[in-house]
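Each chain, written out:
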Amino acid sequence: MRHYYTLDITAHDESDGTLLIKSSQPSEPAPALWFGREGMYISVSATYGPLEIALRPRLNDLLNTLKYLRPTERLSVTRRIGTGQAQVELGLAENGELLLRATIVADATGYIAMNFILTSDVRQTLYEWLGVEVDAAV
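Conventions used here
- Residues numbered from 1 in each chain as written.
- Predicted model: local features only at pLDDT ≥ 70, side-chain atom pairs only at ≥ 80, totals over all residues.
- Heavy atoms only, no water.
- Helix = DSSP H or I, 4+ residues; strand = E, 2+ residues; numbered from the N terminus.
- Rg over C-alpha atoms; globule rule 2.2 N^0.38 Å.
- Buried < 20%, exposed > 50% of the residue type's maximum accessible area, 1.4 Å probe, protein only.
- Contact = heavy atoms within 4.5 Å.
- Areas by Shrake-Rupley, 256 points an atom, 1.4 Å probe, with all protein chains shown as cover.
- Lys, Arg positive; Asp, Glu negative; His and termini not counted.
- Charge placed at Lys NZ, Arg CZ, Asp CG, Glu CD.
- Core = buried A, V, L, I, M, F, W, Y, C linked by side-chain atoms within 4.5 Å.
- Arc of directions from axis to C-beta.
- Phe/Tyr/Trp six-rings, centres within 6.5 Å; stacked < 30°, edge-to-face > 60°.
- Lys NZ or Arg CZ within 6 Å of the ring centre and 35° of its normal.
- Salt bridge = Lys/Arg side-chain N within 4 Å of Asp/Glu carboxyl O.

**Q** Just give me the short version of the overall build of the protein chain, but keep the residues and values in it.
**A** The helix and strand inventory of the protein chain stands at 2 helices and 11 strands. The C-alpha radius of gyration computed for the protein chain amounts to 14 Å, which stays within 12% of the reference 14 Å derived for 138 residues, consistent with globular compactness. Scored against the burial criterion, the 138 residues of the protein chain give a buried share of 38%. Here the analysis covers contacts within the protein chain between residues at least 6 apart in sequence; of these, 37% occur between residues at least 24 apart. As displayed, the protein chain has an accessible area near 7,900 Å², and 49% of this comes from carbon and sulfur atoms. If the 12 positive side-chain charges of the protein chain are averaged to one point and the 17 negative ones to another, these points end up 7 Å apart.

Shown next as structure tokens:
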């Protein structure tokens, strides 16, 4: 069974243009997501203590996926960006929470993934930081 960790705090670093998303709940090791722009790519670093999954999907793929992502009744992954070996999986719940899975696939025998839920407020901050324009109907 998958376990999702809820992240509910954001911090924007103007000096290097990154966005940190973490939890207000004290925890060691502290899980977190870092986002940074790298030209036509977006760097995504999912950390849990010393463990890190670092991905660089295309920025336009992420923007288009988030723009057209629609809420589902059950919180589940609905869209993937990246490749078959390294991907960010995204899902949107009806209450506005964003599910995000950073995944590295070894081959048909296994994978490693970190599962996060971004609260509605954190999702909105991420959308604003990225410049995602969502239809008013969403």
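**Q** Provide a residue-level description of the nonpolar core, including the pertinent values.
**A** Leu33, Phe35, Leu66, Leu118 and Leu130 are the most contacted members of the largest nonpolar core, which has 30 residues in total. Ranked by residue count, the leading element in this core is helix α2 (residues 120-130), at 5 residues. Once residues within four sequence positions are removed from consideration, Leu66 is found in contact with Leu90, Leu98, Tyr127, Leu130, Val132 and Val134.

**Q** Can you break down α2 residue by residue, with the values?
**A** Three or more residues of α2 are buried, namely Val122, Arg123, Leu126, Tyr127, Trp129 and Leu130. Looking straight down α2, one finds its buried side chains confined to an arc of 165 degrees; they lie on one side. Every exposed residue of α2 that faces more than 90 degrees away from the buried side is listed here: Asp121 and Glu128. Two residues or fewer past α2, Gly131 is found with a positive phi of approximately 80 degrees.

**Q** Kindly report on the environment of Glu28, identifying the contributing residues and their values.
**A** Its location among the elements puts Glu28 in the loop between β3 (18-22) and β4 (31-38). By relative accessible area, Glu28 is classed as exposed at 76%. Expressed as a C-alpha distance, the spacing of Glu28 and Gly49, which sit 21 residues apart in the sequence, is 7.2 Å.

**Q** A description of the packing of aromatic side chains should follow, citing residues and the corresponding values.
**A** Scanning all chains against the criterion turns up 0 aromatic pairs. Just above the ring of Tyr41 sits the side chain of Arg56; from NZ or CZ to the centre is 4.5 Å. The ring of Tyr127 carries the charged tip of Arg123 above its face, separated from the ring centre by 5.0 Å.

**Q** I'd like a description of the pattern of salt bridges, backed by residues and values.
**A** The final tally for this structure, using the stated rule, is 3 salt bridges. Across the salt bridge formed by Arg56 and Glu38, the nearest N and O atoms sit 2.6 Å from each other. In this pair, Arg56 sits in the loop between β6 (51-55) and α1 (59-68) while Glu38 sits in strand β4, placing the two residues 18 residues apart along the sequence. When the shortest N-O distance is used, the salt bridge between Arg101 and Glu89 registers 3.1 Å. Here Arg101 is found in strand β10 (residues 98-107), whereas its partner Glu89 is found in strand β9 (residues 86-93), with 12 residues between them in sequence.

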